[in-house]
Amino acid sequence: MTESPIGRLERSRRKREQRLAALDDELEQRMPARYARQRPRRMLAGAGAVTLGLFWVDAAVSWVLAPSDTAMITNFVILGVLVVVGLPLAGQLIAVTRGLTSKRERELDERQITARLRAFATAHRATTFVLVAVVVVTSIADRDGRESQIPGAALFLILFALLATHVFLPLIVAAWQTTDPPAEEERDGDA
């Protein structure tokens, strides 16, 4: 007897829900107690913002120094720092926000959906500001028109920094805005 496509889909959904519940439990257990309060979470979000800023520093260095060996060495050092520091930091941010920005909407409760929308709205406004700033800075810095000599590496790194900002800023904002969990007596009173 073969299983219907709807039955397979339902079974797949149940398995996914079970995996996500187990992952949430594991994140809850692994989460260091130091992130239970708002201040350490905001420090983590600040570190994420500084790390995100390194993408922009890399693009600026390339714009000013390229083409040169100094620009290339500086770019590789910054990118190395981003890989070594940025990837674990992104993992911590995902854990602190409990995947708020990456989960499907149907996997979130109403409070989480509200927090997610607020984080995305704030990040969208900030990204819009960044885009306007990039346009203004490049317009002011590049007055030569068709004879412009903007290094290709700088343009690529600016676009890469924009992409990284678009992807990671909602995560950073969500970590910054995450509120403290309710006190034990409040949770006990609700139950």
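Draft legend 1. Summary view of the packing of aromatic side chains. Tallying each qualifying case throughout the model produces two aromatic pairs. Relative to Phe160, the ring of Phe156 has its centre 6.1 Å away and its plane inclined at 20°; by these criteria the two rings are stacked. Remark: Phe160 and Phe156 occur in helix H5 (residues 152–177); sequence separation between them is four residues, near one turn of the helix. According to the relative accessible area criterion, Phe160 is partly exposed, its value standing at 35%. Pairwise contacts between aromatic rings join Phe55, Phe156 and Phe160 into one cluster.

Draft legend 2. Just helix H4 (residues 110–141), in detail. For H4, spanning 32 residues, the distance from its first C-alpha to its last is 46 Å, which sits close to the expected 46 Å at 1.5 Å a residue. Among the residues of H4, Gln112, Arg116, Ala119, Ala123, Thr127 and Val134 are the ones counted as buried. Elements that come into contact with the buried residues of H4 comprise helix H2 (38–65) and H5. You can read the cap of H4 off the contacts: a side-chain oxygen lies 3.2 Å from the backbone nitrogen of Arg111, and it is on Asp109.

Draft legend 3. Molecular detail of the nonpolar core. Counting 22 residues, the largest nonpolar core has Leu44, Leu52, Phe55, Leu93, Leu169, Ile172 and Val173 as its most contacted members. Looking at this core, the elements with two or more residues in it are H2, helix H3 (69–97), H4 and H5. Per-element accounting of this core gives the leading share, eight residues, to H5. Leave out the neighbours within four places in its chain, and Phe55 touches Leu82, Phe160, Ala161 and Ala164.

Draft legend 4. Focus on a nonpolar patch on the surface. On the surface, Ile73, Val77, Val81, Val83, Val84, Val85 and Leu87 cluster together to form a nonpolar patch covering roughly 640 Å² of accessible area. Turning to its location among the elements, Ile73 is positioned in helix H3.

Draft legend 5. Just the side chain of Asn75, in detail. Note on placement: Asn75 falls in helix H3. When residues no more than four places from it in sequence are discounted, the contact partners of Asn75 are Asp58, Val61, Ser62 and Leu157.

Draft legend 6. Representation of the side chain of Gln177. Relative to the assigned elements, Gln177 resides in helix H5. Among all residues touching Gln177, those that are not within four sequence positions of it are Ala115, Arg118, Ala119 and Thr122.

Reading guide: rules and limits
- Residues numbered from 1 in each chain as written.
- Predicted model: local features only at pLDDT ≥ 70, side-chain atom pairs only at ≥ 80, totals over all residues.
- Heavy atoms only, no water.
- Phe/Tyr/Trp six-rings, centres within 6.5 Å; stacked < 30°, edge-to-face > 60°.
- Helix = DSSP H or I, 4+ residues; strand = E, 2+ residues; numbered from the N terminus.
- Buried < 20%, exposed > 50% of the residue type's maximum accessible area, 1.4 Å probe, protein only.
- Expected span 1.5 Å × (residues − 1).
- Contact = heavy atoms within 4.5 Å.
- Polar contact = N/O pair within 3.5 Å; in protein donor to acceptor, adjacent residues only side chain to side chain.
- Core = buried A, V, L, I, M, F, W, Y, C linked by side-chain atoms within 4.5 Å.
- Patch = residues over 30% accessible without salt bridge, like charges linked within 9 Å, V, L, I, M, F, W, Y side chains within 5 Å.
- Areas by Shrake-Rupley, 256 points an atom, 1.4 Å probe, with all protein chains shown as cover.
- Salt bridge = Lys/Arg side-chain N within 4 Å of Asp/Glu carboxyl O.

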